[in-house]
Amino acid sequence: MMPEDQFFDSHCHIDFSEFDGNREVLLQQALNSGINKMLVPGITLEQSKHLLGSQLAKLKLPQLYYAIGLHPYFLSEHQTDHIEALEQLYILNRDKVVAIGECGIDSSISDIEKQKQIFIAHIHLANKYQLSLIVHHRQSHHLIAQAFKQNQPKFGGVIHAFSGSLQQAKTYIKMGFKIGVGGVITYQRAKKTRNTISQLPLKSLLLETDAPSMPISGMQGEINTPIALITIFEQLASLRDENKDEIAKQLYKNSLSTFNLN
Ligand SMILES: [Zn+2]
């Protein structure tokens, strides 16, 4: 890692209560490690509202960007009028919101039909306001591909915490998506995903931690933090042929372009 390298954690829940008490220290540590940008996703309407009205947002930290959305994990909380409310929230906070999500389809959550409807509504919202999408998947590549075929996202986004085959990744890339590279690649047993990530064009990758979830290898059971981004980067570099500096620069550029930042 070169001292001047810059990193973007494209998916990090720094608003979660796990970080109450040490949030500011962590943000400073991240800055000291070169992680000078982070995107904080939305998971429910309430949390999305809170995110934009929170102390965090009021601090106007130049390194923080936000997305708003309804995560499939919280399906039971989502109501039909929440999408409309998200749209209003976006209109009032255009300066802070750079993407729609996280949203998606998760096969471990029942009521796939309701998930599909909500997911498609997110795609329409993103298209309407020229925003990228942050897409959650779990054993649902086929369902997401189906939704994308019928409701094509026009401004791309990221397939968050990607795991899957080269073919699946390439399908998303063709549709304008980036592949989110997280802690999963630090596990030797994640052979398929490590192999996929090693073969994809560097231009199609984004780094992310999903903190406080998805601890990296060796840290199981601990609260994951944005600092893990550096380990994920090192691991990614070991899987790639390009030199580290080139990888760091390209990944940073990829994040900026995905979220329309300069
Ligand atoms: Zn997440």
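The numbering scheme is per chain: residues are counted from 1 as the chain's sequence reads. Local features are withheld for residues below a pLDDT of 70 in this predicted model, meaning they are given only at 70 or higher, and side-chain atom pairs are given and counted only at 80 or more; totals for whole chains, interfaces and linings count all residues. Each side-chain value is derived from all of the structure's non-hydrogen atoms; neither hydrogens nor water enter the calculation.

**Re the nonpolar core**
Alright, step 1. Counting residues in hydrophobic clusters, the biggest one holds 69 residues, and the most contacted among them are Ile14, Phe119, Phe148, Ile179, Leu205 and Leu236.
Alright, step 2. Residues count as neighbours in contact if any of their non-hydrogen atoms are within 4.5 Å of one another. The residues touching Leu236, leaving out its near neighbours within four places in the chain, are Val181, Ile185, Ile197, Leu205, Leu207, Ile247 and Leu251.
Alright, step 3. To qualify as a nonpolar core, a set must consist of buried Ala, Val, Leu, Ile, Met, Phe, Trp, Tyr and Cys residues joined through side-chain atoms within 4.5 Å. Buried residues are those whose accessible area, probed at 1.4 Å on protein chains only, stays under 20% of the maximum for their type, while exposed residues exceed 50% and partly exposed ones sit between those limits. Formed by 13 residues, the second largest nonpolar core is a distinct cluster that contains Leu39, Val98, Ala99 and Ile134.

**Focus on the side chain of Thr44**
Alright, step 1. Tracing the backbone through its elements, the reader meets Thr44 in the loop between strand 2 (35-40) and helix 2 (45-53).
Alright, step 2. A distance of 3.5 Å separates a polar atom in the side chain of Thr44 from the backbone nitrogen of Glu46.
Alright, step 3. Excluding anything up to four places from it in sequence, Thr44 contacts Gly69, Leu70, Phe74, Glu77 and His78. Strands here are runs of E lasting at least two residues and helices are runs of H or I lasting at least four, both read from the DSSP assignment and numbered beginning at the N terminus. Identification of polar contacts relies on pairs of N or O atoms within 3.5 Å, with a donor-acceptor requirement for protein atoms, meaning one able to donate a hydrogen and the other able to accept it, and with residues adjacent in sequence counted only if both atoms are side-chain atoms.

**Re the coordination of the zinc ion**
Alright, step 1. Around the zinc ion, the protein supplies His11 (NE2), His13 (NE2), Glu102 (OE) and Asp210 (OD) as donor atoms, at distances of 2.1 to 2.5 Å.
Alright, step 2. In this listing, donors mean N, O and S atoms no farther than 2.8 Å from the metal, or 3.2 Å for Na, K and Ca; water is missing from the atoms, so a site can look incomplete. Counting residues between consecutive donors of the zinc ion along the chain gives the motif H-x1-H-x88-E-x107-D. Taken together, the residues span a long stretch of sequence, with His13 in the loop between strand 1 (7-9) and helix 1 (23-32) and Asp210 in the loop between strand 8 (205-207) and helix 9 (228-239) at a distance of 197 residues. With respect to burial, His13 and Asp210 carry one shared label: buried.

**Re the pairing of strand 3 (residues 64-68)**
Alright, step 1. For strand 3, the tally of buried residues reaches five of five residues, placing the bulk of the element in the interior.
Alright, step 2. Neither face of strand 3 is open: one carries Leu64, Tyr66 and Ile68, the other Tyr65 and Ala67, and all of them are buried.
Alright, step 3. For two strands to be treated as a pair, DSSP must find at least two bridges joining them. As defined by bridge partners, strand 2 adjoins strand 3 across three bridges and the pair is classed as parallel. Looking across to strand 3, one finds that Leu39 is bridged to Tyr65.
Alright, step 4. As paired strands, strand 3 and strand 4 (residues 97-106) are joined by three bridges and run parallel to one another. Across the sheet, the residue bridging to Ala67 is Ala99, located in strand 4.

**Some details on the pairing of strand 7 (residues 177-181)**
Regular strands place their side chains on alternate faces of the sheet.
Alright, step 1. Judged by how many residues are buried, strand 7 sits mostly within the fold: five of five residues are covered.
Alright, step 2. Judged by which residues are buried, strand 7 turns out to be covered on both faces: Phe177, Ile179 and Val181 on one side and Lys178 and Gly180 on the other are all buried.
Alright, step 3. Note: strand 6 (residues 157-159) against strand 7, three bridges, orientation parallel. Across the sheet, the residue bridging to Val158 is Lys178, located in strand 7.
Alright, step 4. By convention, orient the strands away from the viewer: a clockwise path from the first strand over the helix to the second makes the crossover right-handed. Taken together, strand 6, helix 7 (residues 166-174) and strand 7 form a β-α-β motif whose crossover is right-handed.
Alright, step 5. Direction of pairing for strand 7 relative to strand 8: parallel, over a ladder of three bridges. The partner of Val181 across the bridge, within strand 8, is Leu207.
Alright, step 6. A crossover links strand 7 with its parallel partner strand 8, the connecting element being helix 8 (residues 191-199), and its sense is right-handed.

**Focus on the packing of helix 4 (residues 82-92) against helix 5 (residues 112-128)**
Alright, step 1. Working convention: axes come from line fits to C-alpha atoms, limited for helices to the stretch in contact. Angles between N-to-C directions cover 0 to 180 degrees. Running from amino to carboxyl end, helix 4 crosses helix 5 at an angle of 25°, the nearest separation of the two axes being 10 Å. Taken as axis vectors, helix 4 and helix 5 run roughly parallel relative to one another. Both helix 4 and helix 5 take part in a crossing whose hand is right-handed. Where helix 4 abuts helix 5, its residues Ile83, Leu86 and Glu87 lie against Ile118, Ala121, His122, Leu125 and Lys128. By definition in this entry, angles of less than 35 degrees are roughly parallel, angles greater than 145 are roughly antiparallel, angles of 65 to 115 are roughly perpendicular, and the rest are oblique. Two helices cross in a left-handed way if the nearer one is turned anticlockwise from the farther one by less than a right angle. They cross in a right-handed way if the turn is clockwise.

**Some points on the pattern of salt bridges**
Alright, step 1. Should a side-chain nitrogen of Lys or Arg be within 4 Å of a carboxyl oxygen of Asp or Glu, the pair is scored as a salt bridge. For the structure shown, the criterion picks out eight salt bridges.
Alright, step 2. For Glu234, the salt bridge goes to Lys244, with nearest N and O atoms at 2.5 Å. Here Glu234 is found in helix 9, whereas its partner Lys244 is found in helix 10 (residues 244-258), with ten residues between them in sequence.
Alright, step 3. As a salt-bridge pair, Asp245 and Lys249 come within 2.9 Å of each other at their nearest N and O atoms. Within this pair, Asp245 and its partner Lys249 are both found in helix 10, separated by four residues, close to a single helical turn.
Alright, step 4. By relative accessible area, Lys249 is classed as partly exposed at 48%.

**Notes on the side chain of Asn36**
Alright, step 1. Assignment of secondary structure puts Asn36 in strand 2.
Alright, step 2. Among the polar contacts made by the side chain of Asn36, one reaches the side chain of Tyr252 at a distance of 2.8 Å.

**Digging into the environment of Leu75**
Alright, step 1. Position of Leu75 among the secondary structure elements: in the loop between strand 3 and helix 4.
Alright, step 2. Sequence separation of Leu75 and Ala121 is 46 residues, and the distance between their C-alpha atoms is 14 Å.
Alright, step 3. With residues up to four places along the chain from it excluded, the contact list for Leu75 reads Ile109, Ser110, Asp111, Lys114, Gln115 and Ile118.

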